[in-house]
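The primary structure of each chain is shown beneath.
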Amino acid sequence: MKNIAVIGSGTMGNGIAHVFAQSGYRVALIDIHAEALKKALATIEKNLDRQVGKQTISEATKKSALANITTYTDLKTGVAESDLVVEAATENVDIKLKIFKDLDGFCKPEAILASNTSSISITKIGSVTQRAEKVIGMHFMNPVPIMKLVEVIRGYSTTNEVTNTIMELSKNLGKIPVEVNDYPGFIANRILMPMINEAIYSLYEGVAGVEEIDTVMKLGMAHPMGPLQLADFIGLDVCLSILQVLHDGFGNPKYAPCPLLVNMVQAGHKGVKTGTGFYTYQAGSKDLIPAQRFRK
């Protein structure tokens, strides 16, 4: 594999493009918005500069990585020569199904189609194509250039050959791939999201405050950040979407999203991306201050 297409230039998409380009692959970064692509390239360059500053890569590697990325606003043109497409669009099943149906017609017959979905069924995504055996999940962790894990999800029809190819490709990126089967939430979010949801319920029910809940998990369980801060970092809308997939997929009330989470998303308080969630975020400040409504 030499040519990789990445669909979506947001946080996950630009991170995925970054690691492929830094590893020597030619990357087509695709987004319908030209301004989003411009922002993504600036983010990638900033993150590469940070690596140069820490002496984890050379200036030459940085320049080579940036030269490996070409941007496109037209999906058909962007994926035409790709050996692998990694879709990193928003976590919405209808959007993803539309993208994969289009990809099936636009891509070479031998191309592998992967989704960075954090919870949506790979089998369902593959069902809208004529190449379900070549559809697979590549669930990168955020921030992509730093986090080592790639959750590799086999759909019902995904072949051993395709799975092995993606496992080896992930290793070539310096990642550690873990193979899992296609059930709601896979492994990472099937375990993580109920924990985050329970932390939100604990706040909702007045058991403890935002800082107290996060401090217990950081100091008592050695988590690098508490579940409420992590929810803000992931995006409360994304957390809600994943919990809804789990709830719908298993039909088990233990996955029902906390009403507080639902209300916060409806109010537009989605975490870091909107400047407020369980905490308030200000550009240039690393202070972690609970949002006004959660302060004592």
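Basis of the calculations
Residues numbered from 1 in each chain as written. Predicted model: local features only at pLDDT ≥ 70, side-chain atom pairs only at ≥ 80, totals over all residues. Heavy atoms only, no water. UniProt positions renumbered as here; feature names shortened; annotations may be inferred. Helix = DSSP H or I, 4+ residues; strand = E, 2+ residues; numbered from the N terminus. Pairing = 2+ DSSP bridges. Axes fitted to C-alpha atoms, helices over the stretch in contact; angles between N-to-C directions. Contact = heavy atoms within 4.5 Å. Left-handed = near helix turned anticlockwise from the far one by under 90°. Nonpolar A, V, L, I, M, F, W, Y, C, P; charged D, E, K, R; others polar. Buried < 20%, exposed > 50% of the residue type's maximum accessible area, 1.4 Å probe, protein only. Polar contact = N/O pair within 3.5 Å; in protein donor to acceptor, adjacent residues only side chain to side chain.

1. Remarks on the UniProt feature "domain: 3-hydroxyacyl-CoA dehydrogenase NAD binding" (unreviewed entry) in the protein
Listed under "domain: 3-hydroxyacyl-CoA dehydrogenase NAD binding" (unreviewed entry) in the UniProt record, and renumbered for this structure, are residues 3–182. End-to-end, the C-alpha atoms of residues 3–182 are 26 Å apart, and along that stretch the chain is 43% helix and 22% strand.

2. As for the sheet that holds strand β5 (residues 112–115)
Ordered by their spatial adjacency, eight strands build an open sheet running β3-β2-β1-β4-β5-β6-β7-β8, and the pairing between neighbours is mixed. A strand with exactly one partner marks an edge of an open sheet, and here the two such strands are β3 (69–72) and β8 (176–181). Across the sheet, the axes of successive neighbouring strands diverge by a mean angle of 25°, strand direction being ignored. For strand β2 (residues 26–30) and β3, the ladder comprises four bridges, and the chain directions are parallel. Each residue of the ladder has a partner; that of Ile30, found in β3, is Tyr72. Where helix α5 (residues 93–106) meets the sheet, its contacts fall on β1 (3–7), β4 (84–87), β5 and β6 (135–140), and the angle it forms with β5 comes to roughly 170°. Running at roughly 175° to strand β7 (residues 149–154), helix α7 (residues 160–172) makes contact with β4, β5, β6, β7 and β8 of the sheet.

3. Details of the packing of helix α8 (residues 188–204) against helix α10 (residues 227–234)
Here α8 crosses α10 at 115°, and the two axes come no closer than 9 Å. The handedness of the crossing between α8 and α10 comes out as left-handed. Between α8 and α10, the contacting residues are Leu192, Met193, Met195, Ile196, Ala199, Ile200 and Leu203 on the first element and Pro227, Leu228, Leu230, Ala231 and Ile234 on the second. Taken together, the residues that form the contact of α8 with α10 break down as 12 nonpolar, no polar and no charged.

4. A short note on unusual backbone geometry
The omega torsion of the bond from Asn142 to Pro143 falls at 0°, within 30 degrees of zero and hence cis. Mapped onto the elements of the fold, Pro143 is located in the loop between β6 and β7. Even without glycine at this site, Gln55 takes up a positive phi of about 60°. Tracing the sequence through the fold places Gln55 in the loop between α2 (34–53) and α3 (59–67). With phi around 55°, Phe186 is a residue other than glycine that occupies positive phi space. Positionally, Phe186 belongs in the loop between β8 and α8. The class for Phe186 is buried, based on a relative accessible area of 3%.

5. A closer look at the side chain of Gln51
When you line up the elements, Gln51 lands in helix α2. Of the polar contacts made by the side chain of Gln51, one reaches the side chain of Gln22; its length is 3.2 Å. Setting aside residues no more than four positions away along its own chain, Gln51 makes contact with His18, Gln22, Thr56 and Ile57.

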